[in-house]
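Fold and contact review
Single-letter residue listing:
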Amino acid sequence: MRVGANLIAGIGLSVFFLALAGVSLVWTPYDVTLLVVGDRLQPPSQAHWLGTDHFGRDILSMIMVGARTSIAVALIAVGVGVIFGVPLGLFAAAMRGSLADEIVMRGNDLVFAFPALVIAILITAIFGPGAVNAIIAIGIFNIPVFARVARGAALSVWTREFIMAARLSGKGSAHISFEHILPNIANTLIVQATIQFSLGILAEAGLAYVGLGAQPPQPSWGRMLAEAQTMIALAPHVAIIPGLTIVLMVLGLNLFGDGLRDYLDPRLRERRP
Amino acid sequence: MLAALWAIPALAQRTDIVVGLVLEPPHLDPTAGAAAAIDEVGYANIFEGLTRFGPDGAILPALARSWDISEDGLTYTFHLHEGVSFHDGTPFTANDVAFSFTRAMAEDSVNAQKGLFEPIASVEAADDLTAVVTLDYPYGNLPFNLAWGDAVIVSSQTAQTNTTSPVGTGPFRFVRWTQGDSIVIERNPDYWGEPARLERATFRFIDDPSAAFAAMMAEDVDTFPIYPAPETLAILDADPRFVAVIGSTEGETILAMNNRRAPLDNILVRQAITHAIDRQALIEGAMFGYGTPIGTHFAPHHPAYVDLTGLSAYDPDRSRALLEEAGVGPITLALALPPPPTYARRGGELIAAQLRAVGIDTRIVNMEWSQWLEQVFSGKDFDLTVISHTEPMDIEIYGREDYYFGYGAPQFQAIMEELNLSVDPDRRTELLQAAQRDIAENYVNAYLFQLAKTAIQHVDIEGLWANAPTQATDLTAVYWR
């Protein structure tokens with residue numbers, strides 16, 4: 001079985017940013033809370049590999065710590081989506097066709113009808129900006145995504161013979177859902193989680209860009225981009241670097257998700273030479 | 001054919017202007033709102049008062065050509081210009097003066113600066129061209145008070161509709177307002193005084209600093225009297241089409257502290273905060289060098305200004321020692337920041353970092369204007385906030401106990417009381433200086449810098465104000481070379 005180029009590139013980029021975030025826990029080239037106005041807007045150099053921003057902070061250090069913020073927010077938000085969305089989807093699939101199914105899925109539709117970023121802005125506008133509220137906001141729009149995917153995948157599994165056998169042997173719906181259905185839809189859910197993770201990174205950057213994400217002094221890619229906006233004529237690197245970082249991270253996760261789907265999908269696997 | 005060509009000048013002088021403003025006014029009635037944007041459109045252009053601010057801050061006659069003060073200082077007699085009419089054709093008389101001031105002073109008045117009229121007991125029209133203002137006590141500064149945008153003369157016919165279609169006596173009259181985009185005014189052909197040289201002016205509202213830069217570069221806007229992005233000012237200035245004009249404003253930018261709330265009710269803590277702040281780094285980092293350090297709540301270009309920056313010089317060691325001495329233990333403070341991206345948001349981030357450096361844990365809370373006005377300014381629910389006070393000569397706010405930072409010490413109130421009663425210029429200077437010292441020595445707030453007026457304009461425009469003695473975009477003398 002061949003591992004696709006997409007998957008390799010995706011894993012490479014994702015691991016690179018994960019490593020960057022990991023290293024920032026123990027070491028960064030400079031302290032990101034250190035504001036040295038005299039050193040501001042320096043281009044990349046030996047001392048500052050990626051230059052400095054408008055407060056003289058080291059951009060590489062901020063990208064590293066910002067990776068941590070982005071990854072933490074996106075990861076927890078995906079976790080929220082999985083923990084609430086998957087059981088809801090499994091429940092709806094188990095109760096397929098009933099009123100309960102209707103209520104759950106129409107409730108999902110309601111949340112889904114709002115564009116994700118609008119929900120996030122709404123939540124942070126009510127509860128105030130901050131990383132925690134960004135997590136909640138992004139997490140909430142992940143719930144219907146996972147509920148739908150879980151229900152759809154579960155429905156097809158429910159018709160299989162071994163499920164019939166399990167039912168005949170007297171197992172309840174809850175048992176069947178978690179013991180037989182969940183392992184069989186895990187692949188689909190993992191691929192979806194990767195895609196949601198990349199959307200989470202983008203959403204976090206978007207929220208931070210409009211000032212609703214992590215608050216200063218905690219660095220965040222989206223806010224770096226927002227603050228660099230007026231500096232672009234003076235020092236283009238302060239905008240290009242965080243922008244490129246977000247693109248690469250999201251690209252990496254999408255390639256990873258796509259590659260993983262191809263890798264895990266048996267139909268696609270067989271077709272491959 | 002040739003004759004026809006001759007009739008057209010080779011290069012017609014432009015008679016229109018597009019002025020970029022950061023904020024759109026909520027409405028256009030200067031007698032019913034505190035928003036600076038109202039006066040930035042209407043002051044001296046649409047509306048006029050008895051007196052007015054000149055470009056250098058001097059008080060000039062406007063609708064009143066002169067005035068006499070009685071021996072006891074209790075009666076001002078204003079002699080009005082003849083042949084003045086409102087834009088709707090109604091003649092302007094002393095009755096309009098009486099109407100405007102009585103309306104502003106009334107119980108139910110919505111005037112944002114009712115304090116300006118506080119000394120006035122009554123206003124009467126002696127005849128059509130003579131308005132008599134009687135005071136409760138001698139007050140030397142009345143012509144200054146009446147020069148404010150909040151004290152302009154309105155007609156009783158149109159006072160109710162000035163919010164949407166302003167009618168004044170000025171050299172320009174209102175044409176239309178496209179909400180969210182622009183306001184257009186045009187020359188008033190029946191103006192009583194020297195007519196404006198521009199035929200038409202458009203105020204365009206652009207609050208995004210990047211969009212402001214783009215609008216200037218594309219020549220969609222001819223000038224920004226207060227350009228919102230100091231970081232790109234140098235780039236525009238280097239462009240041969242534009243010139244930057246750096247002047248002074250009445251904007252004292254301060255780190256306001258809630259004097260009512262522990263631990264900020266402790267003078268040692270407040271002093272420690274002032275010593276933790278590096279003004280130079282702040283002006284450089286937030287304003288890209290535009291701004292003058294101040295040590296008290298007073299404009300440095302004012303003759304009575306005293307330089308008290310030494311009282312709160314940057315000295316982090318001193319700051320830590322003072323915190324130790326105050327014995328308040330570890331401090332956590334919230335720093336509320338209104339929207340202006342330069343002095344408030346960037347400045348606030350720098351201040352928070354400087355306070356953290358002396359061990360004060362400072363948490364930034366970004367706010368929209370409505371939230372800031374409601375929670376900080378009216379609700380007084382805050383620890384620290386960064387704000388620019390742009391009203392001229394507003395040191396008296398320190399005498400108000402119910403003001404948001406809550407000072408109002410008796411000795412300061414006594415100084416203000418005496419100031420209001422004195423007409424002798426030397427004594428007034430002494431009192432103003434005593435007031436400046438009092439608020440600096442008591443470390444009421446941390447005084448940061450005077451906002452600079454960073455204007456960018458097309459090189460061929462003449463006659464715009466270099467300084468901002470009040471919030472205004474006076475277009476009366478503006479023309480294209």
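Moving on to the overall build of chain B. The number of helices and strands found in chain B is 13 helices and 19 strands. For a compact globule of 481 residues, the expected C-alpha radius of gyration is about 23 Å, and chain B comes in at 24 Å, within 12% of that figure. By residue count, 56% of the 481 residues in chain B fall in the buried class. Within chain B, residue pairs in contact and separated by at least 24 positions form 68% of the contacts whose partners lie at least 6 positions apart. When the accessible surface of chain B is totalled, it reaches about 19,200 Å², and 52% of it is carbon and sulfur.

In this section: the packing of helix α6 (residues 161-168) of chain A against helix α7 (residues 173-209) of chain A. All names here are of chain A. One way to put it is that α6 packs onto α7 with a least axis distance of 11 Å and a crossing angle of 170 degrees. For the element pair α6 / α7, the angle class is roughly antiparallel. From α6, F162, I163, A166 and R167 reach across to α7, where they touch I176, H180, I181 and N184. Classifying every residue of the contact of α6 with α7 gives five nonpolar, two polar and one charged.

All names here are of chain B. Topologically, T15 is positioned in the loop between α1 (2-7) and β1 (16-21). Counting along the chain gives 406 residues from T15 to L421, while the straight-line C-alpha distance between them is 47 Å. If near-sequence neighbours (up to four positions away) are discounted, T15 is found in contact with R197, L198, E199, R200 and W480.

Residues and elements named next belong to chain B. Taken together, the four strands give an open sheet; going across it, the order is β4-β5-β7-β6, and neighbouring strands pair in antiparallel fashion. Because the sheet does not close on itself, it has two edges, and the strands there are β4 (64-69) and β6 (120-127). On average, each strand axis in the sheet is tilted by 20 degrees relative to the strand beside it, whichever way the strands run. Two elements, β4 and strand β5 (residues 75-80), share five bridges in a ladder whose sense is antiparallel.

The final tally for this structure, using the stated rule, is 24 aromatic pairs over all chains. Taking 5.6 Å as the distance between ring centres and 85 degrees as the angle between the ring planes, the aromatic pair formed by F53(B) and F144(B) counts as edge-to-face. Note that F53(B) is positioned in strand β2 (residues 51-53) and F144(B) in helix α4 (residues 142-145), a separation of 91 residues in sequence. An identical accessibility class is assigned to F53(B) and F144(B); each is buried. Seen in terms of ring centroids, F101(B) and F117(B) are 5.8 Å apart; in terms of plane orientation they differ by 50 degrees. Their pairing is tilted. Of this pair, F101(B) sits in helix α3 (residues 94-105) while F117(B) sits in the loop between α3 and β6, and the two are 16 residues apart along the sequence. The burial state of F101(B) is the same as that of F117(B); both residues are buried. An aromatic cluster of three or more residues is present, and its members are W369(B), W372(B), F377(B), F382(B), Y398(B), Y403(B), Y404(B), F405(B), Y407(B), F412(B) and Y447(B). Here R148(A) stacks its cationic end above the ring of F112(A), 4.4 Å away from the centre of that ring.

With that settled, consider unusual backbone geometry. Comment: phi is negative for the bulk of residues other than glycine, and the bulk of peptide bonds are trans. Omega for the peptide link from P216(A) to P217(A) comes to 10 degrees, which places this bond in the cis form. Relative to the helices and strands, P217(A) is located in the loop between α7 and α8 (221-228). With omega at 0 degrees, the peptide bond leading from A262(B) into P263(B) counts as cis. Counting through the fold element by element, P263(B) comes out in the loop between β12 (242-257) and α7 (267-276).

Another aspect to go through is the pattern of salt bridges. Going through the model one piece at a time under the given rule, you end up with 29 salt bridges over all chains. Residue R57(A) pairs with E349(B) through a salt bridge whose shortest N-O separation is 3.0 Å. Within this pair, whereas R57(A) is found in the loop between α1 (5-26) and α2 (59-94), its partner E349(B) is found in helix α10 (residues 341-357), the two belonging to separate chains. Across this residue pair, the class does not change: R57(A) and E349(B) are buried.

The subject of this paragraph is the domain arrangement of chain B. All names here are of chain B. Structurally, chain B comprises domain 1 (29-38 + 45-161), domain 2 (172-247 + 453-480) and domain 3 (251-451). Here the C-alpha centroids of domain 1 and domain 2 sit 27 Å apart. Taken together, the contact pairs 16 residues of domain 1 with 17 residues of domain 2. Surface buried jointly by domain 1 and domain 2 totals about 1,400 Å² across both partners, of which 55% is contributed by carbon and sulfur atoms. Among the residues of domain 1 in contact with domain 2, N45, P55 and H87 are the three that bury the most area, contributing 41% of the side total. Our count for the domain 1 to domain 2 interface comes out at one salt bridge. The shortest N-O distance in the salt bridge between D474 and R52 comes to 2.5 Å. Counting the contacts that link domain 1 with domain 2 gives seven residue pairs in polar contact (both at pLDDT 80 or more). Grouping the constituent residues of the side of domain 1 that touches domain 2 by class yields seven nonpolar, six polar and three charged.

Before going further, it helps to examine the environment of L155(A). Residue and element names in this part refer to chain A. Structurally, the position occupied by L155 is in helix α5 (residues 131-158). By relative accessible area, which is 25% here, L155 ends up partly exposed. Taking the C-alpha atoms as reference, L155 lies 48 Å from A228; in sequence the two are 73 residues apart. Beyond its immediate sequence surroundings of up to four residues, L155 is in contact with A93 and R96.

Each side of the interface is counted separately: chain B has 18 residues, and chain A has 18 residues. Approximately 1,600 Å² of surface area, both sides summed, lies buried where chain B meets chain A, with 62% of it carried by carbon and sulfur atoms. Taken as a group, E231(B), F288(B) and E349(B) account for 31% of the area that chain B buries against chain A, more than any other trio of residues on that side. Run the count over chain B and chain A and you get two salt bridges. The interface formed by chain B and chain A includes five residue pairs in polar contact (both at pLDDT 80 or more). Elements that contribute at least two residues to the side of chain B that touches chain A include exactly α5 (209-217), α6 (230-238), α8 (279-287), α10 and β15 (360-366) of chain B. The element best represented in the side of chain B that touches chain A is α10(B), accounting for five residues. When its residues are assigned to classes, the side of chain B that touches chain A shows eight nonpolar, four polar and six charged.

The rules behind each value
- Residues numbered from 1 in each chain as written.
- Chains lettered and ligands numbered in written order.
- Predicted model: local features only at pLDDT ≥ 70, side-chain atom pairs only at ≥ 80, totals over all residues.
- Heavy atoms only, no water.
- Helix = DSSP H or I, 4+ residues; strand = E, 2+ residues; numbered from the N terminus.
- Rg over C-alpha atoms; globule rule 2.2 N^0.38 Å.
- Buried < 20%, exposed > 50% of the residue type's maximum accessible area, 1.4 Å probe, protein only.
- Contact = heavy atoms within 4.5 Å.
- Areas by Shrake-Rupley, 256 points an atom, 1.4 Å probe, with all protein chains shown as cover.
- Axes fitted to C-alpha atoms, helices over the stretch in contact; angles between N-to-C directions.
- Parallel < 35°, antiparallel > 145°, perpendicular 65-115°, else oblique.
- Nonpolar A, V, L, I, M, F, W, Y, C, P; charged D, E, K, R; others polar.
- Pairing = 2+ DSSP bridges.
- Phe/Tyr/Trp six-rings, centres within 6.5 Å; stacked < 30°, edge-to-face > 60°.
- Lys NZ or Arg CZ within 6 Å of the ring centre and 35° of its normal.
- Salt bridge = Lys/Arg side-chain N within 4 Å of Asp/Glu carboxyl O.
- Domains from an automatic or database assignment.
- Buried area = accessible area lost by both parts, 1.4 Å probe.
- Polar contact = N/O pair within 3.5 Å; in protein donor to acceptor, adjacent residues only side chain to side chain.

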